[in-house]
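# Topology and contacts: notes
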Amino acid sequence: MKARTAFLVLLTAGVVGTAAWLVFFSPVLGVRSVEIVGNITVPSEHIEQQAAVADLHPLATVDLAGVQSRVLGIRQLASAKVDRIWPGTLRIEVVEREAVAAVPAGDKVAIVDGQGVVIEIRQEAPPLLPVLRVDNPSASDPATVAALQVIKAVPGAIAPKVRQVRAGTAEGVTLVLSDGRTVVWGGTDRPKEKGRILASLLKREKANVYDVSSPDVVTLK
């Protein structure tokens, strides 16, 4: 009886040990493919290379946080989520940063997202991207932050017409449209009201300057 019990214990230990070896050390359950989803402009090959996970590395021991950190080293990416898909797939789901403005930087322009993060540096601004002009462009500058919030608040029908966004202060954001008309937006308060009023005014009123900084008292010049 004792011998039988000992045999069962050894057998169980052997099975558990073999299973542990298969999961944590063997290439049998290793990474055989990397699935990249959510990317549009960033090549999957670039993301996989940045992830730096060796083929057949045991899936169970892949450092998911480490992979996420390395992938987010690609500045065009806003977020990344890494998961194990058994038996052998590492899935990386990413969200790309959306370019909202071009900021002059010497003889080049910095393309930034809605948080002021620089996505890339280009020789010139893309045709439909507004040029942001502020005194101290940075993600922590109040005027920059306000201007970027206003860009996102501009109604969709008007947004393609915005060519420049100027902000001397967080309360002094001004838009310049493609036809030369100017919109004094003011601060970031009451964005929906300002957008609705501006859309209506542009359709029915001809003026050079539309001041919607105070939605209760709109002025035209």
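Fair warning: this is a prediction, and the values are worked out from it, not measured in the lab.

## Details of the sheet that holds strand 3 (residues 89-96)
Taken together, three strands build an open sheet; the order of strands is 1-3-2 and the sheet is mixed. Edge positions in the open sheet fall to strand 1 (33-37) and strand 2 (77-85), since each of these has one partner strand only. With strand direction ignored, the average angle separating the axes of adjacent strands in the sheet is 20°. Where strand 1 lies against strand 3, five bridges are found, and the strand directions are parallel. Each bridged residue has a counterpart across the sheet, and for Glu 35 the counterpart in strand 3 is Arg 91. Packing against the sheet, helix 2 (residues 44-51) makes contact with strand 1, strand 2 and strand 3, and its axis sits at approximately 125° to strand 1. Here helix 3 (residues 64-71) sits on the sheet in contact with strand 2 and strand 3, set at roughly 150° to strand 2.

## Thoughts on the confidence of the model for the chain
Averaged over the chain, the pLDDT score is 88; the fraction of residues at 70 or greater is 87%. Taken as a whole, residues 6-26 scores under 50 in pLDDT and shows 12 contacts with residues more than four places along the chain or in a different chain.

## Comments concerning the pattern of salt bridges
Summed over the entire model, instances satisfying the criterion amount to nine salt bridges. For the salt bridge of Asp 113 with Arg 97, the shortest nitrogen-to-oxygen distance reads 2.8 Å. Linking Asp 113 in the loop between strand 5 (108-112) and strand 6 (118-122) with Arg 97 in the loop between strand 3 and strand 4 (101-105), this pair joins segments that are 16 residues apart in sequence. When its relative accessible area of 2% is taken as the criterion, Asp 113 is described as buried. A relative accessible area of 22% places Arg 97 in the partly exposed class. For Glu 120, the salt bridge goes to Arg 122, with nearest N and O atoms at 3.2 Å. A network of salt bridges, in which partner residues are shared, links Glu 35, Arg 91 and Glu 93.

## Observations concerning unusual backbone geometry
Cis geometry is adopted by the peptide bond preceding Pro 87, which originates at Trp 86 and carries an omega value of 10°. In this structure, Pro 87 sits in the loop between strand 2 and strand 3. The phi dihedral of Ala 52 is positive, around 55°, even though this residue is not glycine. Looking at where Ala 52 falls in the secondary structure, it is placed in the loop between helix 2 and helix 3. At Leu 56, a residue that is not glycine, the phi angle is positive and equals roughly 70°. The class for Leu 56 is partly exposed, based on a relative accessible area of 37%.

## Some thoughts on the nonpolar core
Counting 29 residues, the largest nonpolar core has Leu 132, Val 165, Leu 175, Trp 185 and Leu 198 as the members making the most contacts within it. Secondary-structure elements contributing two or more residues to this core are strand 4, strand 7 (131-134), helix 4 (142-153), strand 8 (162-167), strand 9 (173-177), strand 10 (182-186) and helix 5 (191-204). Looking at this core element by element, the count peaks at six residues for helix 4. When near neighbours in sequence (up to four residues on either side) are disregarded, Leu 175 contacts Val 150, Val 154, Val 162, Gln 164, Val 165, Arg 181, Thr 182, Val 183 and Trp 185. Core analysis: the next-biggest nonpolar cluster, separate from the first, contains 18 residues, Ile 36, Val 67, Ile 74 and Leu 77 among them.

## Describing the pairing of strand 2
The two faces of the sheet receive side chains in turn, since in a regular strand these alternate between them. Pairing analysis gives eight bridges linking strand 2 to strand 3, with the strands arranged antiparallel. Considered in strand 3, the bridge of Ser 79 is made with Val 95. Here strand 2 folds back onto strand 3 in antiparallel fashion, the turn holding three residues.

## Regarding the environment of Ser 213
Relative to the helices and strands, Ser 213 is located in the loop between strand 11 (209-211) and strand 12 (219-220). Sequence-wise, Ser 213 and Trp 185 are 28 residues apart; in three dimensions their C-alpha atoms are separated by 4.6 Å. Sequence-distant contacts of Ser 213, that is, excluding residues within four places in its chain, are made with Val 184, Trp 185, Gly 186 and Lys 194. Separated by 2.6 Å, the side chains of Ser 213 and Asp 211 make a polar contact.

Thresholds, definitions, all that
Residues numbered from 1 in each chain as written. Predicted model: local features only at pLDDT ≥ 70, side-chain atom pairs only at ≥ 80, totals over all residues. Heavy atoms only, no water. Pairing = 2+ DSSP bridges. Helix = DSSP H or I, 4+ residues; strand = E, 2+ residues; numbered from the N terminus. Axes fitted to C-alpha atoms, helices over the stretch in contact; angles between N-to-C directions. Contact = heavy atoms within 4.5 Å. pLDDT = per-residue confidence, 0-100. Salt bridge = Lys/Arg side-chain N within 4 Å of Asp/Glu carboxyl O. Buried < 20%, exposed > 50% of the residue type's maximum accessible area, 1.4 Å probe, protein only. Core = buried A, V, L, I, M, F, W, Y, C linked by side-chain atoms within 4.5 Å. Polar contact = N/O pair within 3.5 Å; in protein donor to acceptor, adjacent residues only side chain to side chain.

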